[in-house]
Amino acid sequence: FQSEQQGRTMLLSLLHIGLAARCRTRPPTMQASGLEAERNKATARRGVMERSFLQPGTALVALEQKRAANPIGFGAKAAAAQVKKKKKTRTKGSRARPLSALATELKASGVVRIDGALSPALVEELREFVDAERVQATADVKAGRCDQKARFADLVLLDKRCDLLLPLHGPPIAALQELLGEGSVLGPLLQEVVGEAGVLQELACLTSEPGSAQQPLHPDTPWTPIPSAYTAFIALQDVDVEMGPTLYLPGTQTKEAHTSFFGGDLSLGNAGVSGVRRPPIPEEFLRSREVKLGLLKAGDLALYNQQTLHCGSANESRDKVRRQFYISMKNPLAQSKLCASLRPAFRNKLTLGAMKDELAALNGRRTRVDEGGGRGLFGKLDEVDALEVRDTEGAVQIRFGDEGSQLGSEYEII
(Lines give C-alpha, C1' and ligand atoms only; values in the text may rest on other atoms or scores of the structure.)
Protein backbone atom coordinates (compact mmCIF):
# COMPACT_ATOMS: atom_id res chain seq x y z
CA PHE A 1 0.00 0.00 0.00
CA GLN A 2 2.81 2.40 0.90
CA SER A 3 4.54 1.81 -2.44
CA GLU A 4 1.29 2.40 -4.30
CA GLN A 5 0.71 5.62 -2.34
CA GLN A 6 4.24 6.85 -3.08
CA GLY A 7 3.75 6.12 -6.76
CA ARG A 8 0.54 8.07 -6.80
CA THR A 9 2.18 11.01 -5.01
CA MET A 10 4.99 11.09 -7.58
CA LEU A 11 2.46 10.88 -10.42
CA LEU A 12 0.43 13.76 -9.04
CA SER A 13 3.58 15.88 -8.67
CA LEU A 14 4.38 15.39 -12.34
CA LEU A 15 0.80 16.13 -13.25
CA HIS A 16 0.91 19.36 -11.29
CA ILE A 17 3.59 20.48 -13.74
CA GLY A 18 2.36 18.80 -16.89
CA LEU A 19 -1.34 19.51 -16.73
CA ALA A 20 -0.93 23.21 -16.02
CA ALA A 21 -0.13 23.58 -19.72
CA ARG A 22 -2.78 23.84 -22.41
CA CYS A 23 -4.50 20.68 -23.54
CA ARG A 24 -3.00 21.20 -26.98
CA THR A 25 0.71 21.44 -26.43
CA ARG A 26 3.05 19.71 -28.88
CA PRO A 27 3.64 20.51 -32.55
CA PRO A 28 3.74 17.30 -34.64
CA THR A 29 7.27 17.75 -35.98
CA MET A 30 8.99 18.55 -32.69
CA GLN A 31 10.75 15.87 -30.64
CA ALA A 32 9.74 15.75 -27.00
CA SER A 33 12.42 16.55 -24.43
CA GLY A 34 13.10 14.17 -21.57
CA LEU A 35 10.98 16.24 -19.18
CA GLU A 36 8.23 16.56 -21.77
CA ALA A 37 8.26 12.79 -22.26
CA GLU A 38 7.84 12.27 -18.52
CA ARG A 39 4.96 14.75 -18.45
CA ASN A 40 3.30 12.90 -21.31
CA LYS A 41 3.68 9.61 -19.49
CA ALA A 42 2.16 11.13 -16.35
CA THR A 43 -0.70 12.59 -18.41
CA ALA A 44 -1.37 9.21 -20.01
CA ARG A 45 -1.29 7.49 -16.63
CA ARG A 46 -3.77 10.00 -15.29
CA GLY A 47 -6.04 9.23 -18.22
CA VAL A 48 -5.86 5.51 -17.44
CA MET A 49 -6.48 6.16 -13.73
CA GLU A 50 -9.51 8.33 -14.46
CA ARG A 51 -10.89 5.70 -16.82
CA SER A 52 -10.63 3.08 -14.07
CA PHE A 53 -13.06 5.11 -11.94
CA LEU A 54 -15.62 5.53 -14.72
CA GLN A 55 -18.44 3.22 -15.68
CA PRO A 56 -17.79 1.06 -18.78
CA GLY A 57 -20.16 3.23 -20.78
CA THR A 58 -22.77 2.66 -23.45
CA ALA A 59 -23.08 3.92 -27.00
CA LEU A 60 -24.32 7.45 -27.58
CA VAL A 61 -27.69 6.99 -29.31
CA ALA A 62 -29.40 9.34 -31.76
CA LEU A 63 -32.80 10.79 -31.04
CA GLU A 64 -35.47 10.28 -33.66
CA GLN A 65 -34.89 13.09 -36.11
CA LYS A 66 -36.44 14.59 -39.21
CA ARG A 67 -34.72 16.48 -41.99
CA ALA A 68 -36.41 19.76 -42.75
CA ALA A 69 -37.26 20.41 -46.38
CA ASN A 70 -36.47 24.09 -45.94
CA PRO A 71 -34.92 24.63 -42.51
CA ILE A 72 -34.82 28.11 -41.05
CA GLY A 73 -31.65 29.94 -41.98
CA PHE A 74 -30.42 27.38 -44.50
CA GLY A 75 -32.51 28.04 -47.59
CA ALA A 76 -32.25 30.84 -50.09
CA LYS A 77 -31.71 34.46 -49.07
CA ALA A 78 -35.44 35.03 -49.34
CA ALA A 79 -35.98 32.58 -46.50
CA ALA A 80 -33.44 34.41 -44.35
CA ALA A 81 -35.12 37.71 -45.15
CA GLN A 82 -38.46 36.25 -44.14
CA VAL A 83 -37.02 35.18 -40.77
CA LYS A 84 -35.67 38.68 -40.17
CA LYS A 85 -39.03 40.16 -41.09
CA LYS A 86 -40.77 37.92 -38.56
CA LYS A 87 -38.34 39.03 -35.88
CA LYS A 88 -39.18 42.65 -36.52
CA THR A 89 -42.93 42.08 -36.25
CA ARG A 90 -42.87 40.20 -32.95
CA THR A 91 -44.87 41.92 -30.25
CA LYS A 92 -43.49 42.68 -26.83
CA GLY A 93 -45.46 39.90 -25.21
CA SER A 94 -44.68 37.22 -27.80
CA ARG A 95 -42.59 34.20 -26.84
CA ALA A 96 -39.45 32.89 -28.49
CA ARG A 97 -39.87 29.81 -30.63
CA PRO A 98 -39.49 26.64 -28.49
CA LEU A 99 -36.32 24.62 -28.92
CA SER A 100 -36.31 21.54 -31.12
CA ALA A 101 -35.98 18.10 -29.53
CA LEU A 102 -32.31 17.96 -30.47
CA ALA A 103 -31.57 21.42 -29.09
CA THR A 104 -33.41 20.55 -25.89
CA GLU A 105 -31.35 17.37 -25.48
CA LEU A 106 -28.13 19.24 -26.28
CA LYS A 107 -28.96 21.84 -23.64
CA ALA A 108 -29.69 19.14 -21.06
CA SER A 109 -26.93 16.59 -21.69
CA GLY A 110 -24.29 18.59 -23.55
CA VAL A 111 -23.98 16.06 -26.38
CA VAL A 112 -26.24 14.61 -29.09
CA ARG A 113 -25.82 12.19 -31.97
CA ILE A 114 -27.00 12.66 -35.55
CA ASP A 115 -26.92 9.64 -37.86
CA GLY A 116 -26.15 9.79 -41.56
CA ALA A 117 -24.91 13.39 -41.58
CA LEU A 118 -22.53 12.63 -44.47
CA SER A 119 -23.26 10.33 -47.40
CA PRO A 120 -21.19 7.11 -47.75
CA ALA A 121 -19.59 8.20 -51.04
CA LEU A 122 -18.49 11.53 -49.60
CA VAL A 123 -17.15 9.88 -46.44
CA GLU A 124 -14.88 7.68 -48.55
CA GLU A 125 -13.76 10.60 -50.71
CA LEU A 126 -13.11 12.81 -47.67
CA ARG A 127 -11.13 10.08 -45.93
CA GLU A 128 -8.85 9.69 -48.96
CA PHE A 129 -8.53 13.46 -49.26
CA VAL A 130 -7.52 13.83 -45.61
CA ASP A 131 -4.83 11.15 -45.91
CA ALA A 132 -3.37 12.79 -49.02
CA GLU A 133 -3.58 16.28 -47.49
CA ARG A 134 -1.74 15.07 -44.39
CA VAL A 135 1.11 13.75 -46.54
CA GLN A 136 1.29 17.03 -48.48
CA ALA A 137 1.08 19.22 -45.35
CA THR A 138 3.79 17.19 -43.61
CA ALA A 139 6.06 17.55 -46.63
CA ASP A 140 5.42 21.30 -46.87
CA VAL A 141 6.25 21.85 -43.20
CA LYS A 142 9.32 19.62 -43.28
CA ALA A 143 10.67 21.40 -46.37
CA GLY A 144 10.07 24.82 -44.84
CA ARG A 145 7.43 25.75 -47.41
CA CYS A 146 4.79 26.33 -44.76
CA ASP A 147 4.61 27.18 -41.07
CA GLN A 148 3.74 24.35 -38.71
CA LYS A 149 0.80 26.21 -37.15
CA ALA A 150 -0.74 26.87 -40.56
CA ARG A 151 -1.31 23.15 -41.15
CA PHE A 152 -1.44 21.33 -37.80
CA ALA A 153 -3.03 22.01 -34.41
CA ASP A 154 -1.50 20.82 -31.14
CA LEU A 155 -2.92 18.07 -28.96
CA VAL A 156 -2.62 16.40 -25.61
CA LEU A 157 -0.69 13.11 -26.00
CA LEU A 158 0.15 13.78 -29.63
CA ASP A 159 2.06 10.53 -30.15
CA LYS A 160 0.11 8.54 -32.75
CA ARG A 161 -2.43 11.37 -33.05
CA CYS A 162 -2.66 14.10 -35.65
CA ASP A 163 -4.85 17.21 -35.84
CA LEU A 164 -4.78 18.32 -39.48
CA LEU A 165 -6.15 21.73 -40.46
CA LEU A 166 -8.12 21.48 -43.70
CA PRO A 167 -8.45 23.77 -46.73
CA LEU A 168 -11.61 25.28 -48.20
CA HIS A 169 -11.71 23.32 -51.42
CA GLY A 170 -12.67 19.89 -52.68
CA PRO A 171 -14.34 17.35 -50.37
CA PRO A 172 -14.41 19.69 -47.31
CA ILE A 173 -16.73 22.02 -49.27
CA ALA A 174 -18.98 19.10 -50.18
CA ALA A 175 -18.98 18.08 -46.51
CA LEU A 176 -20.03 21.56 -45.40
CA GLN A 177 -22.85 21.40 -47.95
CA GLU A 178 -24.21 18.15 -46.53
CA LEU A 179 -23.66 19.20 -42.92
CA LEU A 180 -25.00 22.76 -43.04
CA GLY A 181 -26.90 23.15 -46.30
CA GLU A 182 -30.57 22.88 -47.13
CA GLY A 183 -32.14 19.66 -45.85
CA SER A 184 -29.47 19.05 -43.18
CA VAL A 185 -30.09 18.26 -39.52
CA LEU A 186 -26.94 19.82 -38.08
CA GLY A 187 -27.42 23.17 -39.84
CA PRO A 188 -30.71 24.13 -38.19
CA LEU A 189 -29.45 22.82 -34.85
CA LEU A 190 -26.40 25.09 -34.95
CA GLN A 191 -28.71 27.90 -36.02
CA GLU A 192 -30.62 27.39 -32.77
CA VAL A 193 -27.61 27.33 -30.46
CA VAL A 194 -25.23 29.93 -31.94
CA GLY A 195 -27.34 31.82 -34.49
CA GLU A 196 -26.30 33.11 -37.91
CA ALA A 197 -23.62 35.28 -36.29
CA GLY A 198 -21.84 32.19 -34.95
CA VAL A 199 -18.24 32.04 -36.19
CA LEU A 200 -16.43 29.06 -37.71
CA GLN A 201 -13.78 28.15 -35.15
CA GLU A 202 -12.48 24.82 -36.41
CA LEU A 203 -12.27 22.88 -39.68
CA ALA A 204 -9.96 19.93 -39.30
CA CYS A 205 -9.54 16.18 -39.05
CA LEU A 206 -8.35 14.40 -35.93
CA THR A 207 -6.61 11.06 -36.54
CA SER A 208 -5.97 8.45 -33.85
CA GLU A 209 -3.68 5.58 -34.81
CA PRO A 210 -3.23 2.21 -33.09
CA GLY A 211 -1.30 2.73 -29.87
CA SER A 212 -2.57 6.23 -29.14
CA ALA A 213 -3.01 6.65 -25.39
CA GLN A 214 -6.05 7.33 -23.24
CA GLN A 215 -6.43 11.09 -22.77
CA PRO A 216 -7.42 12.66 -19.44
CA LEU A 217 -10.93 14.03 -19.17
CA HIS A 218 -11.26 17.72 -19.97
CA PRO A 219 -13.64 20.40 -21.19
CA ASP A 220 -12.44 22.28 -24.27
CA THR A 221 -13.57 25.54 -22.68
CA PRO A 222 -14.10 26.56 -19.04
CA TRP A 223 -17.60 26.99 -17.68
CA THR A 224 -19.33 30.26 -18.51
CA PRO A 225 -23.04 31.10 -18.30
CA ILE A 226 -23.24 31.19 -22.11
CA PRO A 227 -21.63 28.15 -23.81
CA SER A 228 -18.64 29.30 -25.82
CA ALA A 229 -18.71 26.86 -28.72
CA TYR A 230 -20.05 23.61 -30.12
CA THR A 231 -18.09 20.93 -31.98
CA ALA A 232 -19.34 18.27 -34.38
CA PHE A 233 -17.17 15.14 -34.68
CA ILE A 234 -18.01 13.20 -37.86
CA ALA A 235 -16.72 9.64 -38.19
CA LEU A 236 -14.94 8.84 -41.45
CA GLN A 237 -15.18 5.10 -40.78
CA ASP A 238 -17.14 2.87 -38.43
CA VAL A 239 -15.83 3.25 -34.87
CA ASP A 240 -15.73 0.30 -32.47
CA VAL A 241 -14.62 0.14 -28.84
CA GLU A 242 -11.04 -0.98 -29.48
CA MET A 243 -10.44 2.00 -31.81
CA GLY A 244 -10.67 4.44 -28.90
CA PRO A 245 -13.98 6.28 -29.38
CA THR A 246 -14.50 9.72 -27.86
CA LEU A 247 -15.85 9.36 -24.33
CA TYR A 248 -18.46 11.85 -23.07
CA LEU A 249 -19.87 12.51 -19.59
CA PRO A 250 -23.39 13.82 -20.31
CA GLY A 251 -24.63 16.65 -18.13
CA THR A 252 -21.16 17.85 -17.13
CA GLN A 253 -21.39 21.16 -18.99
CA THR A 254 -22.83 22.79 -15.87
CA LYS A 255 -21.27 25.02 -13.23
CA GLU A 256 -21.95 22.39 -10.56
CA ALA A 257 -20.26 19.62 -12.54
CA HIS A 258 -17.19 21.75 -13.28
CA THR A 259 -16.92 22.73 -9.63
CA SER A 260 -16.97 19.07 -8.59
CA PHE A 261 -14.55 18.04 -11.33
CA PHE A 262 -12.04 20.69 -10.31
CA GLY A 263 -12.16 19.67 -6.65
CA GLY A 264 -14.44 22.47 -5.50
CA ASP A 265 -12.38 25.24 -7.08
CA LEU A 266 -14.04 26.39 -10.29
CA SER A 267 -11.18 28.80 -10.98
CA LEU A 268 -8.91 25.85 -11.84
CA GLY A 269 -10.99 25.44 -14.97
CA ASN A 270 -9.61 28.76 -16.18
CA ALA A 271 -5.97 27.65 -15.86
CA GLY A 272 -5.82 27.05 -19.61
CA VAL A 273 -7.94 27.47 -22.67
CA SER A 274 -8.87 23.81 -22.54
CA GLY A 275 -9.72 23.83 -18.84
CA VAL A 276 -6.97 21.43 -17.75
CA ARG A 277 -6.70 20.97 -14.01
CA ARG A 278 -4.42 19.98 -11.19
CA PRO A 279 -4.80 16.96 -8.84
CA PRO A 280 -6.50 15.39 -7.01
CA ILE A 281 -8.59 13.16 -9.26
CA PRO A 282 -12.28 13.50 -8.25
CA GLU A 283 -12.89 9.77 -7.79
CA GLU A 284 -16.41 9.88 -6.37
CA PHE A 285 -17.53 12.39 -8.96
CA LEU A 286 -16.24 10.20 -11.79
CA ARG A 287 -17.81 7.05 -10.35
CA SER A 288 -21.20 8.76 -10.23
CA ARG A 289 -21.30 9.94 -13.85
CA GLU A 290 -23.00 8.32 -16.80
CA VAL A 291 -20.59 7.52 -19.65
CA LYS A 292 -21.42 7.64 -23.34
CA LEU A 293 -19.14 6.43 -26.12
CA GLY A 294 -18.96 7.83 -29.64
CA LEU A 295 -19.44 4.46 -31.33
CA LEU A 296 -20.39 6.06 -34.61
CA LYS A 297 -20.93 4.57 -38.03
CA ALA A 298 -19.20 6.22 -40.96
CA GLY A 299 -20.97 9.52 -41.66
CA ASP A 300 -22.59 9.80 -38.22
CA LEU A 301 -21.70 12.69 -35.93
CA ALA A 302 -21.65 13.70 -32.27
CA LEU A 303 -22.29 17.37 -31.52
CA TYR A 304 -21.20 18.54 -28.08
CA ASN A 305 -21.06 21.70 -26.01
CA GLN A 306 -17.33 22.31 -25.53
CA GLN A 307 -17.91 22.67 -21.78
CA THR A 308 -18.92 18.98 -21.63
CA LEU A 309 -16.26 16.72 -20.09
CA HIS A 310 -14.87 14.31 -22.66
CA CYS A 311 -11.66 12.65 -23.84
CA GLY A 312 -10.21 10.46 -26.54
CA SER A 313 -9.98 6.81 -25.51
CA ALA A 314 -6.94 4.64 -26.20
CA ASN A 315 -6.80 3.07 -29.65
CA GLU A 316 -6.05 -0.54 -28.70
CA SER A 317 -6.70 -2.02 -32.12
CA ARG A 318 -3.96 -3.72 -34.12
CA ASP A 319 -4.44 -1.87 -37.40
CA LYS A 320 -7.52 0.40 -37.30
CA VAL A 321 -7.08 4.15 -37.75
CA ARG A 322 -9.85 6.40 -36.40
CA ARG A 323 -10.42 9.63 -38.32
CA GLN A 324 -12.82 12.34 -37.20
CA PHE A 325 -13.57 15.22 -39.51
CA TYR A 326 -14.81 18.09 -37.37
CA ILE A 327 -16.14 21.62 -37.39
CA SER A 328 -16.73 23.98 -34.48
CA MET A 329 -18.89 27.09 -34.27
CA LYS A 330 -18.22 29.82 -31.71
CA ASN A 331 -21.05 31.63 -30.00
CA PRO A 332 -20.71 35.35 -30.91
CA LEU A 333 -21.49 36.22 -27.29
CA ALA A 334 -18.70 34.01 -25.92
CA GLN A 335 -16.11 35.76 -23.79
CA SER A 336 -13.66 32.86 -23.35
CA LYS A 337 -10.47 32.68 -25.36
CA LEU A 338 -10.78 29.62 -27.59
CA CYS A 339 -8.42 27.31 -29.41
CA ALA A 340 -8.82 27.55 -33.19
CA SER A 341 -8.06 24.38 -35.16
CA LEU A 342 -8.41 26.40 -38.32
CA ARG A 343 -6.00 27.62 -40.97
CA PRO A 344 -4.95 31.21 -40.18
CA ALA A 345 -6.45 32.60 -43.40
CA PHE A 346 -9.93 31.48 -42.33
CA ARG A 347 -9.97 32.67 -38.71
CA ASN A 348 -12.78 35.07 -37.81
CA LYS A 349 -13.76 35.23 -41.48
CA LEU A 350 -16.79 32.93 -41.72
CA THR A 351 -20.08 33.25 -39.88
CA LEU A 352 -22.78 30.63 -40.04
CA GLY A 353 -24.94 33.03 -42.03
CA ALA A 354 -22.16 33.77 -44.53
CA MET A 355 -21.44 30.08 -44.96
CA LYS A 356 -25.13 29.42 -45.53
CA ASP A 357 -25.28 32.08 -48.23
CA GLU A 358 -22.16 30.75 -49.94
CA LEU A 359 -23.42 27.17 -49.88
CA ALA A 360 -26.70 28.34 -51.38
CA ALA A 361 -24.78 30.16 -54.13
CA LEU A 362 -22.69 27.06 -54.83
CA ASN A 363 -25.93 25.07 -55.19
CA GLY A 364 -24.24 21.70 -54.76
CA ARG A 365 -21.05 22.60 -56.60
CA ARG A 366 -17.62 22.86 -55.00
CA THR A 367 -16.40 25.96 -56.83
CA ARG A 368 -18.01 28.95 -58.47
CA VAL A 369 -17.14 32.17 -60.27
CA ASP A 370 -19.06 35.26 -59.15
CA GLU A 371 -20.16 38.18 -61.31
CA GLY A 372 -16.87 39.99 -60.81
CA GLY A 373 -14.83 37.00 -61.88
CA GLY A 374 -13.91 35.97 -58.33
CA ARG A 375 -14.13 32.47 -56.91
CA GLY A 376 -16.71 33.21 -54.24
CA LEU A 377 -16.20 33.50 -50.50
CA PHE A 378 -14.63 30.08 -49.94
CA GLY A 379 -12.48 30.40 -53.04
CA LYS A 380 -11.15 33.82 -52.05
CA LEU A 381 -10.19 32.61 -48.60
CA ASP A 382 -8.56 29.53 -50.09
CA GLU A 383 -6.48 31.79 -52.33
CA VAL A 384 -5.22 33.65 -49.26
CA ASP A 385 -4.42 30.33 -47.58
CA ALA A 386 -2.47 29.23 -50.66
CA LEU A 387 -0.12 32.16 -50.13
CA GLU A 388 1.13 30.35 -47.01
CA VAL A 389 2.92 27.84 -49.24
CA ARG A 390 6.36 28.84 -50.54
CA ASP A 391 8.93 26.99 -52.59
CA THR A 392 12.47 26.68 -51.30
CA GLU A 393 13.45 29.91 -53.09
CA GLY A 394 10.86 31.93 -51.19
CA ALA A 395 8.32 32.25 -54.02
CA VAL A 396 4.67 31.40 -53.43
CA GLN A 397 3.20 28.22 -54.85
CA ILE A 398 -0.55 28.37 -55.48
CA ARG A 399 -2.48 25.13 -55.06
CA PHE A 400 -6.16 25.09 -55.90
CA GLY A 401 -8.13 22.14 -54.84
CA ASP A 402 -10.69 20.48 -57.07
CA GLU A 403 -8.44 20.17 -60.08
CA GLY A 404 -5.56 19.02 -57.88
CA SER A 405 -3.18 21.15 -59.96
CA GLN A 406 -0.34 23.44 -58.98
CA LEU A 407 -0.63 26.61 -61.00
CA GLY A 408 2.49 28.19 -62.34
CA SER A 409 1.62 31.64 -61.03
CA GLU A 410 4.14 32.99 -58.54
CA TYR A 411 4.05 36.17 -56.52
CA GLU A 412 7.04 38.10 -55.31
CA ILE A 413 7.46 38.12 -51.56
CA ILE A 414 7.93 41.71 -50.37
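Conventions and cut-offs
- Residues numbered from 1 in each chain as written.
- Predicted model: local features only at pLDDT ≥ 70, side-chain atom pairs only at ≥ 80, totals over all residues.
- Heavy atoms only, no water.
- Helix = DSSP H or I, 4+ residues; strand = E, 2+ residues; numbered from the N terminus.
- Buried < 20%, exposed > 50% of the residue type's maximum accessible area, 1.4 Å probe, protein only.
- Contact = heavy atoms within 4.5 Å.
- Areas by Shrake-Rupley, 256 points an atom, 1.4 Å probe, with all protein chains shown as cover.
- Pairing = 2+ DSSP bridges.
- Axes fitted to C-alpha atoms, helices over the stretch in contact; angles between N-to-C directions.
- Phe/Tyr/Trp six-rings, centres within 6.5 Å; stacked < 30°, edge-to-face > 60°.
- Polar contact = N/O pair within 3.5 Å; in protein donor to acceptor, adjacent residues only side chain to side chain.
- Parallel < 35°, antiparallel > 145°, perpendicular 65-115°, else oblique.
- Nonpolar A, V, L, I, M, F, W, Y, C, P; charged D, E, K, R; others polar.
- Expected span 1.5 Å × (residues − 1).
- Salt bridge = Lys/Arg side-chain N within 4 Å of Asp/Glu carboxyl O.
- pLDDT = per-residue confidence, 0-100.
- Core = buried A, V, L, I, M, F, W, Y, C linked by side-chain atoms within 4.5 Å.

**Side note on the overall build of the protein chain**
- Across its full length, the protein chain holds eleven helices and twelve strands.
- For the protein chain, with 414 residues in total, the buried portion stands at 52%.
- Contacts in the protein chain between residues at least 24 apart in sequence constitute 84% of all its contacts with a sequence separation of at least 6.
- Of the roughly 19400 Å² of accessible surface on the protein chain, a fraction of 52% belongs to carbon and sulfur atoms.

**Quick notes on the sheet that holds strand E5 (residues 229-235)**
- Reading across from one edge, E2-E8-E5-E10-E4-E3 is the order of the six strands in this open sheet, with antiparallel pairing throughout. Where the open sheet ends on each side, the last strands, each with one partner, are strand E2 (111-114) and strand E3 (161-165). On average, each strand axis in the sheet is tilted by 20° relative to the strand beside it, whichever way the strands run.
- With four bridges joining them, E2 and strand E8 (residues 301-305) adopt antiparallel strand pairing. Looking across to E8, one finds that Ile 114 is bridged to Leu 301.
- Together, strand E4 (199-208), E5, E8 and strand E10 (322-330) form the strand contacts of helix H6 (residues 171-180), whose direction differs from that of E10 by roughly 65°.

**Here's the deal with the packing of aromatic side chains**
- Per the stated rule, a full pass over the model turns up five aromatic pairs.
- Centroid distance Phe 233 to Tyr 304: 5.4 Å. Interplanar angle 50°. Geometry classified as tilted. Here Phe 233 is found in strand E5, whereas its partner Tyr 304 is found in strand E8, with 71 residues between them in sequence.
- Take Tyr 304: its relative accessible area is 1%, and that puts it in the buried class.
- Ring centres of Phe 261 and Phe 262 lie 5.1 Å apart, and the angle between their planes is 75°; this geometry places the pair in the edge-to-face category.

**Concerning unusual backbone geometry**
- The phi torsion at Asn 348 lies on the positive side, around 60°, for a residue other than glycine.
- For Asn 348, the position within the fold is in the loop between E10 and helix H10 (352-362).
- A positive phi angle is found at Asn 363, which is not glycine, with a value near 55°.
- Here Asn 363 lies in the loop between H10 and helix H11 (376-386).

**Thoughts on the side chain of His 258**
- Checked against the element boundaries, His 258 lands in helix H8 (residues 255-261).
- Residues in contact with His 258, not counting those within four places in the same chain, are Pro 219, Thr 221, Pro 222, Trp 223, Thr 252, Gln 253, Leu 266 and Gln 307.

**A short note on the side chain of Ser 341**
- By the secondary structure assignment, Ser 341 is in the loop between E10 and H10.
- Among the polar contacts made by the side chain of Ser 341, one reaches the side chain of Asp 163 at a distance of 3.5 Å.

**Considerations on the sheet that holds strand E1 (residues 58-59)**
- Spatial strand order, E1-E7-E6-E9: four strands in an open sheet with mixed pairing. The sheet terminates laterally at E1 and strand E9 (310-312), the two strands that pair on one side only.

**Re the packing of H10 against H11**
- Interhelical geometry of H10 versus H11 gives an angle of 110° and a closest axis separation of 8 Å. Overall, the two elements H10 and H11 adopt an arrangement that is roughly perpendicular. Between H10 and H11, the contacting residues are Ala 354, Met 355, Glu 358, Leu 359 and Leu 362 on the first element and Gly 376, Leu 377 and Phe 378 on the second.
- Looking at side-chain class alone, the contact of H10 with H11 contains six nonpolar, one polar and one charged residues.

**Details of helix H2 (residues 34-53)**
- The terminal C-alpha atoms of H2 lie 29 Å apart, and with 20 residues this matches the ideal 28 Å at 1.5 Å per residue to within 8%.
- Taken together, the buried positions of H2 are occupied by Glu 36, Ala 42, Thr 43, Ala 44, Arg 46, Gly 47, Met 49, Glu 50 and Phe 53.

**Overview of the pattern of salt bridges**
- In this structure the tally under the stated criterion is 21 salt bridges.
- One salt bridge in this structure joins Arg 113 and Asp 115, with 2.7 Å as the shortest N-O distance.
- The buried category is assigned to Arg 113, whose relative accessible area is 9%.
- The closest approach of N and O atoms between Asp 385 and Arg 343, which form a salt bridge, is 2.7 Å. Linking Asp 385 in helix H11 with Arg 343 in the loop between E10 and H10, this pair joins segments that are 42 residues apart in sequence.
- On the accessibility criterion, Arg 343 (2% relative accessible area) is buried.
- The network of salt bridges with common partners includes Glu 133, Arg 151, Arg 343 and Asp 385.

**Comments concerning the environment of Leu 266**
- Mapped onto the fold, Leu 266 is located in the loop between H8 and helix H9 (283-288).
- Taking the C-alpha atoms as reference points, Leu 266 and Glu 256, separated by ten residues in sequence, lie 8.9 Å from one another.

**Here's the deal with the pairing of E8**
- Taken across its five residues, E8 has five buried, putting it largely inside the fold.
- Both faces of E8 are covered, namely the face carrying Leu 301, Leu 303 and Asn 305 and the face carrying Ala 302 and Tyr 304.
- As defined by bridge partners, E5 adjoins E8 across five bridges and the pair is classed as antiparallel. Residue pairing across strands places Ala 232 opposite Leu 303, the latter belonging to E8.

**Digging into the confidence of the model for the protein chain**
- When the pLDDT values of the protein chain are averaged, the result is 82; 76% of them are 70 or greater.
- Considering only residues more than four positions removed or in separate chains, one finds that residues 68-94, a stretch of pLDDT under 50, has 30 contacts.
- Taken together, the stretch residues 396-414 has pLDDT below 50 and engages in 43 contacts with residues farther than four places along the chain or on a different chain.

**A few points about the nonpolar core**
- Formed by 52 residues in total, the largest nonpolar core has its most connected members in Leu 179, Leu 180, Leu 186, Leu 303, Phe 325 and Ile 327.
- With residues near it in sequence (within four places) discarded, Leu 186 still touches Ile 114, Leu 179, Leu 180, Ala 232, Leu 301, Leu 303 and Ile 327.
- In this structure, Phe 53, Leu 217, Leu 268 and Ile 281 belong to the second largest nonpolar core, which totals 17 residues.

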